[in-house]
Amino acid sequence: MPDTTDDIAEGISFQAFEDDCRLLGSLLHDVLLRELGPHFIHLFERIRILAQSAATMRGAGMEDTAAVVERQLEAELAAMSLEDSLSIARAFSHYLNLTGIAERYHRVRKSRSEVHLSKSCDDIFDKLIQGGVPPEELYDTVCKQGVEIVLTAHPTQINRRTLQYKHLRIAHLLEFNERPDLSHDDREMLIEDLVREITALWQTDELRRHKPTPVDEARAGLHIVEQSLWKAIPRYLRRVSNALKKHTGKPLPLTCTPIKFGSWMGGDRDGNPNVTAKVTRDVSLMSRWMAIDLYIRQLDNLSFELSINKCSEKLASVANEILLKESASEETKASPWTQTGPQNIVKLQPSLALAAQLPSGADLPSLTECIGSEAQIRIVKPPWNPKRQGIQIPTEKSDDSPVQSPGRSRPGSSHMGRTPSAGQLRKMLFTESKIGRSSFRKLLEPSLSDRPGITPYRIVLGNVKEKMMKTRRRLELLLEDLPCDYDPAEYYETPDQLLEPLTLCYESLQSCGSSILADGRLADLIRRVATFGMVLMKLDVRQESGRHAEALDAVTSYLDLGIYSEWDEEKKLDFLTRELKGKRPLVPPYIEVAADVQEVLDTFRVAAELGSDSLGAYVISMASNASDVLAVELLQKDTRLTVSGDLGRPCPGGTLRVVPLFETVKDLREAGSAIRKLLAIDWYREHVIKNHNGHQEVMVGYSDSGKDAGRFTAAWELYKAQEDVVAACNEFGIKVTLFHGRGGSIGRGGGPTYLAIQSQPPGSVMGTLRSTEQGEMVQAKFGLPQTAVRQLEIYTTAVLLATLRPPHPPRDPHWRHVMEEISRVSCAHYRSTVYEDPSFITYFQEATPQAELGYLNIGSRPAKRKATPGINNLRAIPWVFAWTQTRLVLPAWLGVGKGLQDALDKGHTEELRAMYDEWPFFQSTLDLIEMVVAKADAPMAKHYDDVLVSSPERRAVGEELRRELARAESCVLAVSGHCKLSANNRSLRRLIESRLPYLNPMNMLQVEVLRRLRRDDDNLKLRDALLITINGIAAGMRNTG
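Residues numbered from 1 in each chain as written. Predicted model: local features only at pLDDT ≥ 70, side-chain atom pairs only at ≥ 80, totals over all residues. Heavy atoms only, no water.

## A look at the pairing of strand 10 (residues 768-774)
The following threshold applies: A 1.4 Å probe rolled over the protein chains alone gives each residue an accessible area, and that area as a share of the maximum for its type sets the label: buried under 20%, exposed over 50%, partly exposed in between. The numbering of helices and of strands both runs from the N terminus, where a helix is a DSSP run of H or I of at least 4 residues and a strand a run of E of at least 2. At least two DSSP bridges between two strands are required for those strands to pair.
Where burial is concerned, most of strand 10 is hidden: 7 out of the 7 residues are buried. Residues Thr 768, Arg 770, Thr 772 and Gln 774 of strand 10 are buried on one face, and the alternating residues Leu 769, Ser 771 and Glu 773, pointing to the opposite face, are buried as well. With 7 bridges joining them, strand 1 (residues 146-152) and strand 10 adopt parallel strand pairing. Across the sheet, Thr 152 pairs through a bridge with Gln 774, a residue of strand 10. For strand 9 (residues 735-741) and strand 10, the ladder comprises 2 bridges, and the chain directions are parallel. Its bridge partner lying in strand 10, His 740 is registered against Ser 771.

Now the structure itself:
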């Protein structure tokens, strides 16, 4: 997947890759023969051979002959029955997915086989030291680095999660197939396993039949953590630490982690009415539940490993205290039948130091946990009840079982202190009683008096596990809105509380000469706690600025102060600043407001109840003024005052940092001014210094700016906006972290991470960075532990280089003038085509499957911000998605050819080539456009027009667009100096060519299905066939939106 990972300039082992493609293709062929019979195989092979012939001829320049073969292919597809069309679409789609699996695995193979891996920590640290960076400066910069990768639920992941897991298993089997020690029987069994997986793929419905809920999306994000990132983090941090020790003499501190993770899944309510305050609360608690569950599993494995007696006096003393407390507890514990009151509901049995059964993976070395070599995919289901959209308590289970069994859910209100009925109390008392379960466990576990030989480490870790289990149980009760009166001393709330006993064990091992044990599973667990904390990923809240203005309108109208949104900016700032300095709440406690406004107020209440321990940033989309930020600060402060009064204690954690998101070209141009006005306010500047360590975070959006003005103009405006924001913060002595809202496709700011970071304006990456990873990019970059480790290293080294060796600014000040002219012409042409041509919107709707994308059920968010026609209200994702399907990929290049041609015509040829050679920003922008143009296919886009666009006038729009594509290609080549597209990346060109025999028939079939469906739009089989072609084309293009 060269366009979605950082391997843009890195090849793969094509011989091994093609061998695996042949193996998977042969097995798929066998499965199809068994499932559908020889008639279908004959049809499948004929379609494939025709497509292969046409692609080969076109690649050889035999355009006319290729056109004849393509017309034959079109005719055969048009003559197919609906059932055959559906099967052909599925077969080609699965083949493209299987080749994608092989590509991804072979990138893992390449990173393993290279001794000196490019862009690795070892490689970049060495280059920096050789370049004159003092070892002390390198060490301090790495230790202080703060990168946060934010996983979002943007609807671009086309594959169902069950298929993603099957794909992972196939990738694992390909890995095992590489082992040289496999016997003949082993290899035959492996092939049988591959056949089983491919058969299961074929027999699984690949289409989502229902739209996912925000909670479904959040669970998918948590599974990425469990299946990949959880394993990748220790290995990644070991690589950083080893490289640091090699080049500076000092390892990475144990609790230092250069990368953390955030999430928008369940917190991004911008234009998504399905994300409510309750959803945000429940998803945050569910994330905590998953974190605790993962830690409990690690504690079991660690207890089995630390079977030694030698320890420090401090650890021995702590272990002895724990034993004395447990002995006293056993002697004084009364029968549960004689106890009354709610306390019986929440009390758990104390966990013993040694688990009752062998933990999963206890027989494997710790290395396997980091590299993810087990083929088995373990899916833990958090206690979520989809029917109620709430959380349910597990039924009776073993205390140390890491998997929760779902019980019956209890519908009811969301109030946390609600008292259960008498019947519910009796049921819970029985569930929590020790009858039966206690007697059975006595058969497995010795009593305290019979355990004199239990090691001190197991005693301490057993105590940690007990508190963790109580923590997990407490979260289940909170999620069920049941009474929960745990003593805070009985559970863990913060990472520091969990780190204390783990660090004690680590220091004890170190002091006793067992550092080799200390640096094994125990060090990995400590690093996981430092990285993931108690929440795995802190949840951001995102809301559109207009919703906050509506909330303040309701408040100011209720208080007879006027209508807030009608005030000018200065009056708004005066009002907001005055209220922020006050000590009383502004919003009356019993105010009655519209449902939309109440939802905004409820969100702020949940944010106050959870605090910064669970939540990350509050992101304001469509921000444009300083008042947008202060409005959120006021609503946040006001709610925290109210909640604190209700609780009778301070709110947990601190206030959320408020992050303005500048998205449109107009707002990007005013971003620096808005930040200057904001920081000029004494209250706000002091608030940032006091509560956020003098750090201001600013987010810039790539998607809407690209849809607004075209990719080239958006890239230039983003570059300038970042320069201006950094300058504004420097003027006030405030540090800045830029948050990049990047999509997966080039049209939405996507592309190789390393290239993107290295081309940022000088001074904009000073050791800190936040960036979104969206949709299919999450699976592509982090789906396998090995690829995740590689991506994390690339983030680390790219940010390090941008900090210590920032990219060069434009050498010649005149280059900026040239960029302005290219951007102006490019933007004018883009907007005249997309927004000013009255026939364009109808052409877009006819020539692409945009209207039909809604059937995919790939996201919980509506495709439009408002239910009105036009490009303005269409979200950037379906805009890019639709053009990717037709292979025109218009959003990434429209306007570029016109702008570059204008500059070339004015005699700037040599200047442009110098800019390409010497200015990283300009070079990366053109390279990404070149890569997209190489993937575009004008003849295929013309086929869509010929069949689907009814009017000659609108077909003329398509003809003009294809001419613009040709102009973009020639101008990009003229500036880059390349003889042909992707000349600097032969691997990419070869991979694209290898997909064409399977991708082209999918497009032709999609055109035929669209033609039929638009005449019979209620035909569900036709709709299924269309959706399968959409899946297949997305797999072949390695992009959606």
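Picking up where we left off.
## Here's the deal with a negative patch on the surface
Quick note on the threshold: What goes into a patch is any residue over 30% in relative accessible area without a salt bridge, connected to like charges within 9 Å or, for nonpolar side chains (Val, Leu, Ile, Met, Phe, Trp, Tyr), within 5 Å. For every accessible area listed, the method is Shrake-Rupley and the probe measures 1.4 Å; residues are considered covered only by the protein chains on display. One speaks of a salt bridge when a side-chain nitrogen belonging to Lys or Arg is within 4 Å of a carboxyl oxygen belonging to Asp or Glu. Asp and Glu count as negative and Lys and Arg as positive, but His and the ends of the chain are not part of the count. To locate a charge, take atom NZ for lysine, CZ for arginine, CG for aspartate or CD for glutamate.
Judged by side-chain charge, Asp 185, Asp 186, Glu 188 and Glu 192 come together as a negatively charged surface patch. Inspection of the secondary structure assignment puts Asp 185 in helix 8 (residues 184-203). With a relative accessible area of 52%, Asp 185 lands in the exposed category.

## Regarding the packing of aromatic side chains
Aromatic ring pairs are described here by two measures, namely the spacing of the ring centres and the angle between the planes. Threshold: In summary, the pairing rule links any two rings of Phe, Tyr or Trp, Trp by its six-membered ring, whose centres are within 6.5 Å, and it sorts them by plane angle into stacked for under 30 degrees, edge-to-face for over 60 and tilted for everything else. A ring is considered to have a charge above it if a Lys NZ or an Arg CZ atom is located within 6 Å of its centre and within 35 degrees of its normal.
Summed over the entire model, instances satisfying the criterion amount to 28 aromatic pairs. One aromatic cluster is present, formed by Trp 716, Tyr 719, Trp 815, Trp 919, Phe 921 and Phe 922 through successive ring pairs. Its guanidinium or amino end placed over the ring of Tyr 564, Lys 572 lies 5.2 Å from that ring's centre, counting from NZ or CZ. Directly above the ring of Phe 739 sits Arg 770, whose terminal nitrogen or CZ lies 4.4 Å from the centroid.

## Re the side chain of Thr 248
Put simply, the rule is: Side-chain atoms alone can form a polar contact between residues adjacent in sequence; in general such a contact is a pair of N or O atoms within 3.5 Å, and within protein one must be able to donate a hydrogen while the other accepts it. We call two residues contacting when some pair of their heavy atoms lies within 4.5 Å.
Counting through the fold element by element, Thr 248 comes out in helix 9 (residues 214-248). On the basis of relative accessible area, Thr 248 is assigned to the buried category, the value being 17%. A polar contact is formed between the side chain of Thr 248 and the backbone oxygen of Leu 244, at a distance of 2.6 Å. At a separation of 3.3 Å, a polar atom in the side chain of Thr 248 contacts the main-chain amide nitrogen of Lys 250. Not counting the four nearest positions on each side in its chain, Thr 248 is found in contact with Pro 135, Leu 138 and Tyr 139.

## Some words on empty space enclosed by the protein
The line we're drawing: Buriedness of a pocket was judged along seven lines, with at least five required to meet protein on both sides within 12 Å; pockets are open sets of points on a 1 Å grid over the protein atoms alone, cavities are sets where a 1.4 Å probe fits but cannot get out, and lining residues have an atom within 4 Å of a point. Grid points are joined across faces, edges and corners, and a volume is the space filled by probe spheres set on the points. Lys, Arg, Asp and Glu make up the charged group, whereas Ala, Val, Leu, Ile, Met, Phe, Trp, Tyr, Cys and Pro make up the nonpolar group; the residues left over, Gly among them, are polar.
Scanning the entire structure with this criterion turns up 18 cavities of 30 Å³ or more. Approximately 280 Å³ is the volume attributed to the second largest cavity. Taken together, 20 residues line the second largest cavity, and the ones lying closest to its centre are Tyr 702, Ala 715, Arg 742, Thr 925 and Leu 928. Elements supplying a minimum of two residues to the lining of the second largest cavity: helix 27 (711-731), helix 28 (753-758) and helix 36 (920-935). A class-by-class count of the residues in the lining of the second largest cavity yields 11 nonpolar, 7 polar and 2 charged.

## Some thoughts on the pairing of strand 8 (residues 695-701)
Among the 7 residues in strand 8, 6 count as buried, and that is most of the element. Here strand 7 (residues 657-662) runs beside strand 8; their pairing, made up of 2 bridges, is parallel. Note that in strand 8 the partner of Phe 662 across the bridge is Val 700. Examined bridge by bridge, strand 8 and strand 9 share 7 bridges and lie parallel to one another. Residue Gln 696 lies in a different strand from strand 9, and its bridge partner there is Val 736.

## Looking at the packing of helix 5 (residues 121-130) against helix 30 (residues 785-804)
To be explicit about the condition: Throughout, an axis means a line fitted to C-alpha atoms (over the contacting stretch in the case of helices), and angles, computed between N-to-C directions, take values from 0 to 180 degrees. An angle below 35 degrees is read as roughly parallel, one above 145 as roughly antiparallel, one from 65 to 115 as roughly perpendicular, and any other as oblique. Here a crossing is called left-handed whenever its near helix is offset anticlockwise from the far helix by less than a right angle, and right-handed whenever the offset is clockwise.
Two numbers describe how helix 5 lies on helix 30: the axes approach to 9 Å, and their chain directions differ by 15 degrees. Taken together, the axes of helix 5 and helix 30 are roughly parallel relative to one another. Crossing of helix 5 against helix 30: the hand is left-handed. Contact residues: Cys 121, Ile 124, Phe 125 and Leu 128 in helix 5; Glu 793, Thr 796, Thr 797, Leu 800, Leu 801 and Leu 804 in helix 30. Its residues assigned to classes, the contact of helix 5 with helix 30 shows 7 nonpolar, 2 polar and 1 charged.

## Digging into unusual backbone geometry
At Lys 119, a residue that is not glycine, the phi angle is positive and equals roughly 70 degrees. Structurally, Lys 119 can be placed in the loop between helix 4 (82-113) and helix 5. In this model, Val 889 sits at a positive phi of 40 degrees, which is unusual for a non-glycine residue. Following the sequence through the fold, Val 889 ends up in the loop between helix 33 (876-885) and helix 34 (896-905).

## So, the sheet that holds strand 2 (residues 259-263)
Pairing in this closed barrel of 8 strands is parallel, and the strands run 1-2-5-6-7-8-9-10 around the ring. Pairs of neighbouring strands in the sheet enclose a mean axial angle of 25 degrees, with direction left out of account.

## Focus on the pattern of salt bridges
In total, this model carries 61 salt bridges according to the counting rule given. The salt bridge involving Asp 181 is made with Arg 179; its shortest N-O contact spans 3.0 Å. The class for Arg 179 is partly exposed, based on a relative accessible area of 39%. Note that Glu 793 and Arg 239 form a salt bridge whose closest N and O atoms lie 2.6 Å from each other.

## Here's the deal with the confidence of the model for the protein chain
Basically, it comes down to this: pLDDT measures how confident the predictor is about each residue, on a scale from 0 to 100.
Averaged over every residue, the pLDDT of the protein chain is 84; the share at 70 or more is 83%. Confidence over residues 334-353 falls short of pLDDT 50; this stretch has 48 contacts with residues more than four positions distant or in other chains. For the stretch residues 446-452, pLDDT sits under 50, and the model shows 9 contacts to residues farther than four places along the chain or on other chains.

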